[in-house]
Each structure stands twice: as structure tokens, then as C-alpha cells.
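# Overview (structure and organization)
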Amino acid sequence: MDDLIRKAEKREELPPFMVEIRTRPDGQIARKLLERSIGSSLWFMRLDSKVEVGQLPIDLRDFRAKRTLKASVRLRLAIPKPGETAVEALASSPSLPTECVRGWVKDVMQAQVDALGPEDLALWMTLNSGKLEDDICKALKEKGFLAEVQVETGDLPDTTREVKTGTFNVRPRDVDWALPVSVGIRLDHAGKAEVKPPANETAWISEIREVVRDYVERHETLDSVRETEAFADRLRQHLDGACLRFGWKIDRMELTSDLSQFQETLIDTFPSEWRSHSGRVFAFRTKVELSIAANGAKRYVQAELPSLRSWTEKNLKTCFDKILFERDTDDLNPDNFDSVSSKLRDCLSRRAEEKGLKVGIVLVEPTIPEWRYLTKREFEVDQMRFGTTNPDHDAVFSMVIQGKFPTVGPAFQAGSDKKPIPQQIKDTGVEAAKLVMQGIELEDYISHFEALDNRVMHNTERSEPVKAELEREISARLLSHLGFVVSRVQVTKIDPEIREKQAQLLREGPREFVVDVLPDAPGIDDLSPGLRPKEALVPFTLKAELRPPDRQYVVNLALRELDPDRLWGQIEGWVLAALDGRSHEGLRCNDLESHSSLIRLLNDEVGALLLARGVGIDFLSIERGNSEVEQGVIDEKITQPLTNQRHQKALDDLRREHELEYERSHLTGERIHLEDLQAARTKAVENEAQSLSEVERAMAESRRAQRNNRPQGEIGHDPKTEDTAADGTDDARKNRWSKK
């Protein structure tokens, strides 16, 4: 307190941060000069500063109990300006400032003790601790102090208590069986007691145990105790009433009871076997759920708490023996086995109820190997080779057979064979397929496998597809030999040999070949009357490649037509037939338009013939040569090297330009830009026109010389007419090239 306010000694100087004030002998503030000089007292105090006074011990007297209770109060005080009220309160008392403050606080707390009593005060303080502190602050404020207060009850009675009983045994009223339990409770003070409460913790534990034992033995059964939450609620309600007699009530309670053996649930799968009168072993796997019945604890205890697992194993065997002995097991199958499962469940349930047990799930799964074939299963036959009427080529396909045995009898009979049932089914299916394929023409296998193809029906006398015949015969053989009922047969063609031959054709890439084409007769006569046809043949060099046909033509694939050399020989004949007899103009191949026209012609006509054999074709380029007549005239009359070089250069340029154009069109599928092509073509045409003009002039001079040297009267030669024809030819050709 001296750091906050104190009475100064005589002639003492004013300490830092403090102010002084004088009081009269009666404790009032000395305001006049005379009062300040005669018999006044000097006080030093710190204004508007909080100072922790510390812990003040408070002794409270319990008048009724004739005892003193210890308490303490922690204070932090401040004196607001001007501080005169605080000085007058302290100056009017002979006690030191600390004792004055202690007295003021004690007066407030003693008043509560006198009004409520120690126990009630302790409870009141627990529930209203802030209220008591507020009352102390209010009393100090009246004395001129601002205060912060914290009350510590010291040896005031506790308002809460915890009791833990530990584990002890109780006995339900319906069985002579000890149930271990433990109880933990927290008690709150509830007011005045009707009877004297237990004196210490040991007494409390003993009291709680006795109350619990008495309650369970008088009111609870073993089955009701197993309902732990409901049992705990009932026990708490009973204990709460007992504790209220001592002036306490239960705030919370924890109950632990060792009921694990009554809460056990068994869920497991048990193997079982049963041997029929014929010696056949039936094996089962049974999933069982077993627990103590809700009202069966007493019977379970009376049955000496049997192991759930041992009980299940023993009674499963007993029930299976009883049920299966009463019926013919040869007609058992997955479809009617539910009756066995139902009877097994009923048998187990009756026996379980006698022991206070409850049967939940009962699922029986037969593990008889033959039974798996009483439901639809699939059996896959890997690809195999099957002979046909064609000794050079086999059909290759795989199979999937789906079906089941209608009854267990045929399955048992098949199971008695050393060969596994799946292998017997596969082998029987393969035998049936071989018998069918021995009478199948290879062409029918190719063209009429999935369905009859109307486009090639003239080549076969079949009334059903090959695949349908296979399915029918395989199903019939399996039924007659094994008693196996087929629901589906899936046959998948593999045919690697046919596909390999087709792939071989496609792997070869483009082929180049030459055909000699005979133009139409008027063209031959115009060129040079009286020449032999061989000398008028025009060579064409072509490049083409084979490709897969469209999907709808694959069925036309003809195996015997897939020999590469033979097929290309046919293609050459078809090309010659398409070009022979066309006019010179129709066979012109010196620009993009005429080249594209011939390519389209060949792709259409030759491609249509190939599609009937299941193959496609693409013509990539075509190049026209000179007939012997044309080449002879050129070789005989062109003697000047320069002229030959120019002519050859023009022809080479034209050929290179054509090849470049064809390659670009084949690789990209698009035409080159018209401007670039037109420029290149114009240049080549000008060079060729110049060379051909010189050649034609030379040919005209040669004809005139022959006419002059020819004997008179030779049939079919009129010099004037021939000159005119030659000149006309020259003029026509000049006009044709000039137009180009």
C-alpha cells in the first residue's frame, strides 16, 4: 500500500510521481491556511496508477459451527483524481492503510457468511463468484479506490467431489452369476443434507458400491443389464436420489460392465461334408452369424456359456446329417438347393433358441465340383486348323461354347471320366467342327460364312451359312455325347493364310508394266496408209499398286486369284482391253487433263473387275510412247545433232514435268498450283513444237524426193495428192501446236 498511499513522516520530502495532501486531526481535508499549519497530517499518494497490493488473508467466523474459515483476496488498487475521498477514509481510522482495506473486504465477505452459512456460501461463490467480487469492488469504490479483486476460498467446503468405485461384482436378480462393474461419478453440492454425508473418500466409495449392489439385485435382470445405455440411465437415476439425501447431486456418471461374453457375435464360414448312401461326398461352405439373443442371457448362462464357434461346428454337422438323409441327393442342383438352406436355417435356429442364442445369416455354398456346370459357363477353344474340300488350304477359327448340364446326373457321369469336364466339352465341340468342315468348300467358307452372299450365290448350293451349320452340329453332338445343353456357340474366323496372301500383295508396293495399244483404224490410215498393225502399236508405261477393297467387297476375296504374278498378268490384259481401239485423241497423254482422264478410266474399269476378287487398285501414272512408224520416221529424218538434242530435251522436260505432276498428285491428293503448272507446260510445249516443226519439214522433203524417184504407175501413190496431204498434215499439226 505504501507505493500507492501512506502517511508521511515529519520533514519528509515528496517522493517522485506522488502528490501530497494535508488532513485535519479529525481526518478531514485541511483546506484553510490555519488548518494546514496547526495539528495537520501530511499524506503522499500516487494518482491514476494501478498498484498490486498483494494477497490479503481474511478470517471468516462461522458462528453456527463455532469455527473460523480461512480465505484470501488478491487486490490491485488505483486512486482516481483528486484522491481526497481515499485520504479522508484512511485518515479517519487509526489503522494502517493495509489493515483498513483488509477490514473493508472482510466486512463484505462476513456479511455473506452470516447470511448463508459456510456451505451455502461456498456453493454461492461457486455459482456467483463474480457477484462477490463485484460487491467488494463496490465497497472499495465508496472509500475512494478503484479495485480489481480475486477471491480465493481457502478452506471453504468443496462444491464438487469425484468418486471412483473401482471394479466390484453385482448379481442380477434372475441368475446366480457375478457381473463385474465399476462406477465413476462427479458430485455437485446440492444444498442442505438430510443425513450426514460420508466423511471421506473411502466412505463415499463404500456407500456407492452398496447402493449399486442393492439396486441391481432387487431391480435388474441379466438381459436388462446387457442393455448398457438403458441400464446406466436407470442406475444414475437411482444413485442421484441416494446422493441427494447427503446434500449432493450427480453431475455425470460413467458405468463400465464386463459384458463382453454376452455381446460376442460370431460371423464365419464353416466347411462341412456329408456322404450319401451311394458313397458320393457332398461338401459345403456355410456362412453363419450367431449371437446371444436379446432375452437369452439367462439360458446362455444356464447352458454354462458354451463357445459360439464350437456350438456352431457341432450343430451344423447334426443338421446336415438330418436334412440330407431325408431326401434323394441325386436331384440336388443350384436351382432347388434353397430348400436345403431353408431347412438348415430352421434347424439351427431351433437349437440356438434352446441355449439363448440367435441365428442371423445362414448362407450355404455347395462346393461339389460337378455343380458348377449346372449353371451357364463358357469354354474357349483356341484357334485351330480345320481341313476343307480344298487340300491345299485349311480354315482357321476359334470357338467359344456356352451352356450347362440340365441335371446333376450327366455332370456326375462326365465327372467320373479321367479327363476334366471342360476338356471333354472342348474336344467334343472340335470333333463336331472337323466333321462339318470336311464337307465345306473353301469358297463357301470365305463367301458364305456369316450369311449367304447373294452376289456370289451362283457359285454355291448352300441353304444356310457355314457358321450356322457349325453351331447346329456342335450343339447336337454335345447333347448326344455328354448330355450338355448348348445355349450359344461363337465361331471366330482367323484365316492367317488367306490374310497373309492378301498382305503379301499389299506389301509389294507399286508395279510398273508396259502394254502396246492399237489405236482405232482411221488413225492408222491417216498416219501412213498400208502399214502393218504391229508397226502402229503405241506403247504405254503404267505404274499401279494394289490396296484393300472397301469393307463390303472383302467377302469377294478369292484365294486362288491371289497369286501375285497371275493377278498382275490379268491386270495387264484388262488395261489393254480398256485402251485398245480408242482414237489417237482419246489416247493423248501430253497434259494434266488427258493424263487424269486415262487414270480415271483405268481405275473405274480395271478396279471394278478386281473388286469381284476382293482386291482394290490405284493407278499412279501413265506415260505414252511412240509407235514404230512414228519412231522410224523421226530416227530416219532427224540427222542434225542439234535438232535431235532439242527434240530429246523437249521430250525429257515434258516427261519430267509429267512425272513430277503425277508424283505430287499421288502423294498429296491435290493438284499443284495452276500458275506453276501452266508455266512449265507452256515452256515444254514450245520446245516440242519447235522441234516437231523441223521434223515435219524434213518429212515433207523426204516424201517429195521419194515421189520423184518412184517408178511411174505405182498403185496407190499420187504425187500431187501425197504432197497435198503432207502439206495438209504439216499445216494441221502447226495449227494444233499453235493452239496449244
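Residues numbered from 1 in each chain as written. Predicted model: local features only at pLDDT ≥ 70, side-chain atom pairs only at ≥ 80, totals over all residues. Heavy atoms only, no water.

## Things to note about helix H14 (residues 421-437)
Applied cut-off: Runs of E in the DSSP output that reach at least two residues are strands. Runs of H or I that reach at least four are helices, and both are numbered from the N terminus. To estimate the expected span of a helix, count its residues, drop one, and scale the result by 1.5 Å. Note on classification: 1.4 Å probe, protein chains only; a residue is buried when its accessible area is under 20% of the maximum for its type, exposed when over 50%, partly exposed between these limits.
The end-to-end C-alpha distance of H14, which contains 17 residues, comes to 25 Å, matching closely the 24 Å that a straight helix rising 1.5 Å per residue would cover. Buried residues of H14: Ile421, Gln424, Ile425, Thr428, Gly429, Val430, Ala432, Ala433, Val436 and Met437, and no others.

## Quick word on the side chain of serine 72
Basically, it comes down to this: Residue contacts follow a heavy-atom distance rule, with two residues in contact if any of their heavy atoms lie within 4.5 Å.
Within the element layout of this structure, serine 72 appears in strand S5 (residues 67-78). What serine 72 contacts, discounting residues up to four positions off in sequence, is Gln55, Leu56, Pro57, Ile58, Gln150, Val151 and Glu152.

## Looking at the confidence of the model for the protein
To be explicit about the condition: One confidence number per residue, pLDDT, is output by the predictor and ranges from 0 to 100.
Put simply, the protein has an average pLDDT of 77, and 75% of its residues get 70 or more. Confidence scores differ between elements of the protein, with helix H24 (residues 719-739) showing the lowest mean pLDDT of 36 and H14 the highest of 94. Contacts of residues 455-459 to residues separated by more than four positions or lying in other chains number eleven contacts, the stretch itself having pLDDT below 50. Here residues 669-674 is modelled with pLDDT under 50, and outside its nearest four sequence neighbours on either side it reaches eight contacts, counting other chains as well.

## Brief notes about the sheet that holds strand S8 (residues 179-189)
We count it as follows: Strand pairing is defined by DSSP finding a minimum of two bridges between the two strands. Note on geometry: axes are lines fitted to C-alpha atoms, helical ones only across the stretch in contact, with angles between N-to-C directions running from 0 to 180 degrees.
Spatial ordering of the open sheet is given by S7-S8-S9, a layout of three strands whose pairing is antiparallel. Since the sheet does not close on itself, it has two edges, and those belong to strand S7 (160-170) and strand S9 (248-257), each with one partner. Looking at each pair of strands side by side, their axes are set apart by 15° on average, direction ignored. For S7 and S8, the ladder comprises nine bridges, and the chain directions are antiparallel.

## Some words on helix H2 (residues 84-91)
Where we set the bar: The directions from the helix axis to the C-beta atoms are what the arc is built from.
Inspection of H2 places Ala86, Val87, Ala89 and Leu90 among the buried residues, and these make up the whole buried set. Down the axis, H2 shows its buried residues gathered within 165° of arc, on one side only.

## Focus: the state of the cysteines
By definition, a disulfide is the covalent link that joins the sulfur atoms of two cysteine residues. The line we're drawing: Disulfide assignment relies on a single distance test, namely cysteine sulfur atoms paired within 2.5 Å.
As enumerated under the stated definition, the model contains one disulfide in all. Between the sulfur atoms of cysteine 319 and its disulfide partner cysteine 347 the distance amounts to 2.2 Å. Because the torsion about its S-S bond is -80°, the bridge between cysteine 319 and cysteine 347 counts as left-handed. Here the residue cysteine 319 occupies a position in helix H11 (residues 308-325), and cysteine 347 occupies one in helix H12 (residues 338-354), the gap between them amounting to 28 residues. No difference in accessibility class separates cysteine 319 from cysteine 347, as the two residues are buried.

## A look at a positive patch on the surface
As a reminder, the rule being used: For patches, a residue must show more than 30% relative accessible area and have no salt bridge; joins then use 9 Å for like charges and 5 Å for nonpolar side chains, namely Val, Leu, Ile, Met, Phe, Trp and Tyr. Accessible surface is estimated by sampling points in the Shrake-Rupley manner with a 1.4 Å probe; for residues, cover comes only from the protein chains shown. A side-chain nitrogen of Lys or Arg and a carboxyl oxygen of Asp or Glu constitute a salt bridge if their distance falls within 4 Å. Charged residues are defined narrowly, with Lys and Arg counted positive, Asp and Glu counted negative, and His plus the chain ends left uncounted. The atom standing in for a charge is NZ when the residue is Lys, CZ when it is Arg, CG when it is Asp and CD when it is Glu.
Residues Lys314, Arg350, Arg351 and Lys355 make up a contiguous surface patch of positive charge. Note that lysine 355 resides in the loop between H12 and strand S12 (357-366). With relative accessibility at 33%, the residue lysine 355 sits in the partly exposed group.

## Regarding the packing of helix H6 (residues 201-219) against helix H8 (residues 228-244)
So the rule is basically this: Working definition: roughly parallel below 35 degrees, roughly antiparallel above 145 degrees, roughly perpendicular at 65 to 115 degrees, and oblique for all remaining angles. Handedness of a crossing follows from how the near helix is turned relative to the far one, being left-handed for an anticlockwise turn of less than a right angle and right-handed for a clockwise one.
Taken N-terminus to C-terminus, the directions of H6 and H8 make an angle of 125°; their axes are 10 Å apart at the nearest point. One element, H6, and the other, H8, form an angle in the oblique class. In this structure, the crossing between H6 and H8 has a hand that is right-handed. Note on element contacts: H8 touches H6 through Phe231, Arg234, Leu235, His238, Leu239, Ala242 and Cys243, opposite Trp204, Ile208, Val211, Val212, Tyr215 and Val216.

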